[in-house]
Amino acid sequence: MHLEITDLNRVFVGKRGSVVALKNINMHIETGEFVCAVGASGSGKSTLLRLIAGLDTPTSGTINVDGQRVTGPGADRGMVFQHYSLFPWMTVRQNVEFGLKLQGCSQKERFDTASYYLDVVGLINFSEAYPRELSGGMKQRVAIARSLACHPKVLLMDEPFGALDIQTKERMHEYLIDIWQRLQCSILMITHDVEEAVFLAQRVYVLSSRPGTIQRELTINLPGDEETPKNRTYKIKREPEFFKYSDEISSLLRGRETEETEAIAS
Amino acid sequence: MASSTAGLRPRRKKNPLSFIYSPKVIRPAVAIAVLLVVWQILCSGEGSNLPSPVQVLEQTYPLILNPFFDNGGTDKGLGIQIFASLTRVAVGFSAAAVVGIALGILIGSSKFMYDALDPIFQVLRTIPPLAWLPIALAALQEAEPSAIFVIFITAIWPIVINTTVGAQQVPQDYRNVSRVLKLSKSQYFFNILFPAAVPYIFTGLRIGIGLSWLAIVAAEMLIGGVGIGFFIWDAYNSSLISEIIIALIYVGIVGLLLDRFIAFLESLVVPAEQK
């Protein structure tokens, strides 16, 4: 057991009553596993990620990383944000080195680590560029390198490719699968994109909306998964298994949506 | 690419003065020429109150040719006059920059201080610079520090207000990143808050230096002594209208150069690719 979430609840208390954002969340991520949580807007998925990152505190329940209870933010949970959160006044390399610098790594160690991860994300030739000079996809790759450089136990990703066009997004998916297989890291990614979740994850949690609860947990087995390294390329999107998983998740998400639209219509 | 075209067509040697033919030079040059001609026509009639451009040149060429003469008292060249004014601006503006940036960051990063101080600043910033001069004279008893105080109080508001906005607009994602990386208060300040606010600070500095230059000319008219403001006032009292006109042109050019200077500093601190 690596990341374990037990009976997690988060209630936001506002002036006009309280809103249950997350209710009875139980989930776990094994070491080296790639897990996606899929949910429509309002499913509290970003809240979930913020809780794991320690940026927010749960109303009740616990989050443990390697048996250690999460009480605040820490570099053991690397976070890739939805919007590009690179610092525009630092070069790509300085951005990646920043976390290491704060941890007190020597200059050489910093340089080597940053070079390694920039190489992993395929941007070593852009290490002296400023974020402004990069495309959206490249910025997110730098953000991934920055998070990985601090050697997190788990990489948390909050809809990291939500702002990218579809072609870039698909390329990023293949990049991410590649990085994950090479580094054997644990990843929890939040998304509303069903195909993204099925394509990337080994396991998918489907979240319902208002309140956010776990509706279903699915283990994804696609043809080629038994090979090492796993052979997930975009051809897999034409396989019947891929459709089966996508349909199942979509209908779970849509079930709630139709109820809502009917309620609005009546 | 350059080598392939060079092979096809012998490259003509570029004339180093070819920029003179660019529209960016020709257009304003024509506009200035037209303006001068109109001015010449309007002011060359009998009994005109203002001199024509030709008269201005005739009457002031000793001043233009010899900017650094010093006959004692306030009878000094235009270069010395402007230098005196610039010195006052430099002292007052530097103090305003230091205090203004510090205040702005304090207010921008603390909701409490913002709520407490912003209303006061919003009132104070609307007070015209010269209205501060009497109170400064009363408090400081001397002309020189009073003039510098006027510059200080004129330049500080845009610096404070823009720095405040700069500190307030630090994106939530930057703050989240800094929390994930567990930055201490001072690390956050130097690594994130300050660099994120720098472009805003420079906007404030540019507005501030412009206002300082506007204020110093007016303040010097009242306090006297060496300085371009009093030079203009003195010239008016002596009915040397041509000298006023030449001084105004100098004031305009120096104001432009001051603005360009701050923009240049900004380009050193914040290169274009970082914005």
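What counts and what doesn't
- Counting of residues starts from 1 at the beginning of each chain's written sequence and follows it residue by residue.
- The lettering of chains begins at A and the numbering of ligands begins at 1, in the order of writing.
- Per-residue local features are limited, in this predicted model, to residues with pLDDT of at least 70; the limit for side-chain atom pairs, both in listing and counting, is 80 or more; totals at the level of whole chains, interfaces and linings are taken over all residues.
- As a rule here, side-chain values come from all non-hydrogen atoms in the structure, and water together with hydrogens is ignored.
- UniProt positions are given in the numbering used here, feature names are shortened, and annotations may be inferred rather than shown by experiment.
- Helix and strand definitions follow DSSP, with helices as H or I runs of at least four residues and strands as E runs of at least two, each counted in order from the N terminus.
- For two strands to be treated as a pair, DSSP must find at least two bridges joining them.
- Angular values range over 0 to 180 degrees, each being the angle between N-to-C directions of two axes fitted as lines to C-alpha atoms, with helices fitted over their stretch in contact.
- In what follows, a contact means two residues having at least one pair of non-hydrogen atoms within 4.5 Å.
- For this classification, under 35 degrees means roughly parallel, over 145 means roughly antiparallel, 65 to 115 means roughly perpendicular, and everything else is oblique.
- Two helices that cross are described as forming a left-handed crossing if the nearer one is turned anticlockwise from the farther one by less than a right angle, and a right-handed crossing if clockwise.
- Residues are grouped as follows: Ala, Val, Leu, Ile, Met, Phe, Trp, Tyr, Cys and Pro are nonpolar; Asp, Glu, Lys and Arg are charged; all remaining types, including Gly, are polar.

Under the annotation held in UniProt, chain B carries the name Nitrate import permease protein NrtB and is attributed to Synechocystis sp.. In its Subcellular location section, UniProt records this for chain B: "Cell inner membrane".

UniProt lists chain A under the name Nitrate import ATP-binding protein NrtD, with Synechocystis sp. as the source organism. Comment text from UniProt for chain A, heading Function, reads "Part of the ABC transporter complex NrtABCD involved in nitrate uptake. The complex is probably also involved in nitrite transport. Probably responsible for energy coupling to the transport system." Its UniProt record gives chain A the following Subcellular location comment, quoted word for word: "Cell inner membrane".

Participant: Explain the environment of Gly210(B) here, please?
Facilitator: Looking at the secondary structure, you find Gly210(B) in helix H9 (residues 185-223). In the structure, Gly210(B) is positioned 163 residues away from Gly47(B) in sequence and 36 Å away in space, judged by C-alpha atoms.

Participant: I keep staring at the sheet that holds strand E6 (residues 77-80) of chain A and nothing clicks. Help me out?
Facilitator: Backbone hydrogen bonds hold the strands of a sheet together, and the pairing may be parallel or antiparallel. All names here are of chain A. The mixed open sheet is built from 6 strands, whose spatial order is E6-E7-E8-E3-E9-E10. Each edge of the sheet is formed by a strand with only one pairing partner; in this case those strands are E6 and strand E10 (214-219). Direction aside, the axes of adjacent strands within the sheet are offset by 15° on average. Where strand E9 (residues 203-207) lies against E10, 5 bridges are found, and the strand directions are antiparallel. From the neighbouring strand, Arg 203 faces E10, where its bridge partner is Thr 219. Docked against the sheet, helix H4 (residues 136-149) engages E6 and strand E7 (154-158), running at close to 170° with respect to E6.

Participant: Explanation requested: the packing of helix H2 (residues 92-102) of chain A against H4(A) in the structure shown.
Facilitator: Pairs of packed helices are described in terms of their axes, by the angle between the two and the distance that separates them. Residues and elements named next belong to chain A. Interaxial distance between H2 and H4 falls to 8 Å at its minimum, and their mutual angle equals 25°. When the axes of H2 and H4 are compared, the pair comes out roughly parallel. For H2 against H4, the interelement crossing comes out right-handed. Contact with H2, carried on its side by Val 92, Asn 95, Val 96 and Leu 100, involves Val 142, Ala 145, Arg 146 and Ala 149 of H4 and no other residues of that element. Partitioning the contact of H2 with H4 into residue classes produces 6 nonpolar, 1 polar and 1 charged.

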